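Listed below, chain by chain, are the residues.
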Amino acid sequence: MEALDIDESECFPLDTRPHDDSELMRHSKLARKVEELCSHYVTIETAFLTHSTNTAMDEDENDTVQNVQVMKSVEDFLFLCRKATRRSFMTLSALGASSVVNTVGNVLITDFVAYLDKQMKKSSKKRFDFMSLRQTEDDDVLPYHVWVNSAQYLIDLSPKYFNDATEYYEALSQQIGSNDTGKIKVVIENNRSELQQVASNLINVGVQKLSSSAFSSKIKTLLSLLPFTSYELTEDDFDAVDSACPQMFDVITALEKEIAQMKDVLLPRVFDQTALRLCQFVRDSLVDQIGSGSYNLLGGLQVERDVSCLVSSLSRAVRLPISDVFAQAVDMALLLSLDDVESVYNYYSSSPHSTTWHLNARTTKETLSKRTDLDADKVATLVL
């Protein structure tokens, strides 16, 4: 049989002629049909994902993870997103996979985080007794900390989804080439970083409110009752106290009880952030109390005892390094316990990057001026 003499230029215009088999496939009717079917698939997948995630939010309920409450929708959303992503890569279509991965990002970053934010705001409008963990209005509204836990749980579980998505991408790249799939990896990584950012911002808002609730009016009152207003002790007064004064022990007891309640209901990372923020509230109040008082040497030594006992007790309660949090209060207590003005040179550093001293020159002199038994002129003329 005589071979047909076909001019390739008759099938393809000169400027559109394929240069290899893959380009030929793109121009084939089969390829165009596959793309058409893929576009229908993307539409169906998007509709299914939207419907399923809406159902997950409508039928949401609390669940227990690590003995604390979170919302079941976190696992439901990630399960649905993982399934949708896997199906999209099974189409062997870079366009289909990219479209679905984009949709999944919108579902997680926009829809679900917005849902958590809305529920947090709804819950924050109700009075919540953090100490007794009792909702005092509308028991059908879940406590605020459950939604903060859920935002953290989303961050904790999301790496598994993104790692799976990356594996699907790598498998697809091996089959159809990285030139066609390169943009998908960028979308996956952008979704990963953006979800981390928006969820972390939501958690920061939650931690601020939780720590504010924990820093109750009772604790504020106990801190205001510390006897720093006029702490000029006699030797008998000083010897009668072994460590911290009774008022400081009252503060420590109240804080330990509050921290124990927090630890029972918060995920570990949420607890760590909330506990540190609570310590900052206590630190700020303590610094104000110390700065408004007056002291003799024994009174200053007792302040040093009080602050040291508070910091060590809170460190044990939260099981976190909090010495840096209370560094300013510790330095103020040290100043109040000095034998003479010149001894400040043994500790003071003007470097803003100093790791051993945390007070500026003005605060250092103001604190020393609280010592009524030191030479006021020497303090005033101190060169720092």
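Not measured: the values here are computed from a predicted model.

### Examining the overall build of the protein chain
Helix and strand counts for the protein chain stand at 15 helices and four strands. Put simply, the protein chain has 384 residues, and 45% of those count as buried. If you take every contact in the protein chain between residues at least 6 apart in sequence, the share linking residues at least 24 apart comes to 74%. Accessible area of the protein chain: about 20,600 Å², with a carbon and sulfur share of 51%.

### A closer look at helix H12 (residues 297-318)
Taking 1.5 Å of rise per residue, 22 residues should cover 32 Å, and H12 covers 32 Å from first to last C-alpha, within 8% of that figure. Phi for Arg319, located one or two positions after H12, is positive at around 55 degrees.

### Some details on the confidence of the model for the protein chain
Per-residue confidence for the protein chain gives a mean pLDDT of 88; residues scoring 70 or more make up 88%. Confidence drops under a pLDDT of 50 for residues 1-21, and excluding neighbours within four residues, the segment shows eleven contacts in the predicted structure. With pLDDT under 50 throughout, residues 134-138 is counted as low confidence; its partners more than four residues away or in other chains account for 14 contacts.

### Focus: the pattern of salt bridges
Throughout the structure, instances matching the rule amount to eleven salt bridges. Members of the salt-bridge network, linked through shared partners, are Arg82, Lys160 and Asp164.

### A word on a nonpolar patch on the surface
Taken together, the side chains of Tyr345, Val383 and Leu384 present a nonpolar region at the surface, about 290 Å² in accessible area. Within the secondary structure, Tyr345 sits in the loop between helix H13 (327-336) and helix H14 (361-368).

### A closer look at the side chain of Asp306
Relative to the assigned elements, Asp306 resides in helix H12. No salt bridge forms around the buried Asp306; measuring N to O, its nearest opposite-charge neighbour Arg305 is 7.2 Å away. Those residues within four positions of Asp306 in sequence are excluded, and the remaining contacts are Phe228, Tyr231, Ser243, Ala244, Cys245 and Met248.

### Things to note about unusual backbone geometry
Unlike most non-glycine residues, Asn67 shows phi in positive territory, near 65 degrees. Tracing the chain through its elements places Asn67 in the loop between strand S1 (62-65) and strand S2 (68-71). Unusually for a residue other than glycine, Leu92 sits at a positive phi of about 60 degrees. Within the secondary structure, Leu92 is located in the loop between helix H4 (73-90) and helix H5 (94-124).

About the cut-offs
- Counting restarts for each chain, with residues numbered from 1 along the sequence as it is written.
- In keeping with the predicted nature of the model, local features appear solely for residues at pLDDT of at least 70, side-chain atom pairs appear and are counted solely at 80 or more, and the whole-chain, interface and lining totals rest on all residues.
- Side-chain calculation: all heavy atoms of the structure are included, whereas hydrogens and water are not.
- A run of H or I in DSSP counts as a helix once it spans at least four residues, and a run of E counts as a strand once it spans at least two, with each numbered from the N terminus.
- Summary of the burial criterion: residues with accessible area below 20% of their type's maximum are buried, those above 50% are exposed, and those between are partly exposed, where the area comes from a 1.4 Å probe applied to protein chains only.
- Here a residue-residue contact requires only that any non-hydrogen atoms of the pair lie within 4.5 Å.
- Using a 1.4 Å probe, the Shrake-Rupley method yields the accessible areas, and only the shown protein chains count as cover for residues.
- Multiply 1.5 Å by the residue count of a helix minus one, and that product is the helix's expected span.
- In predicted models, pLDDT denotes the confidence assigned by the predictor to each residue on a 0 to 100 scale.
- In the sections that follow, a salt bridge refers to a side-chain nitrogen of Lys or Arg positioned within 4 Å of a carboxyl oxygen of Asp or Glu.
- For patch detection, residues must exceed 30% relative accessible area and be free of salt bridges, and they are connected within 9 Å for like charges or within 5 Å for nonpolar side chains (Val, Leu, Ile, Met, Phe, Trp, Tyr).
- Think of it this way: Lys and Arg go in the positive column, Asp and Glu in the negative one, and His and the chain ends go nowhere.

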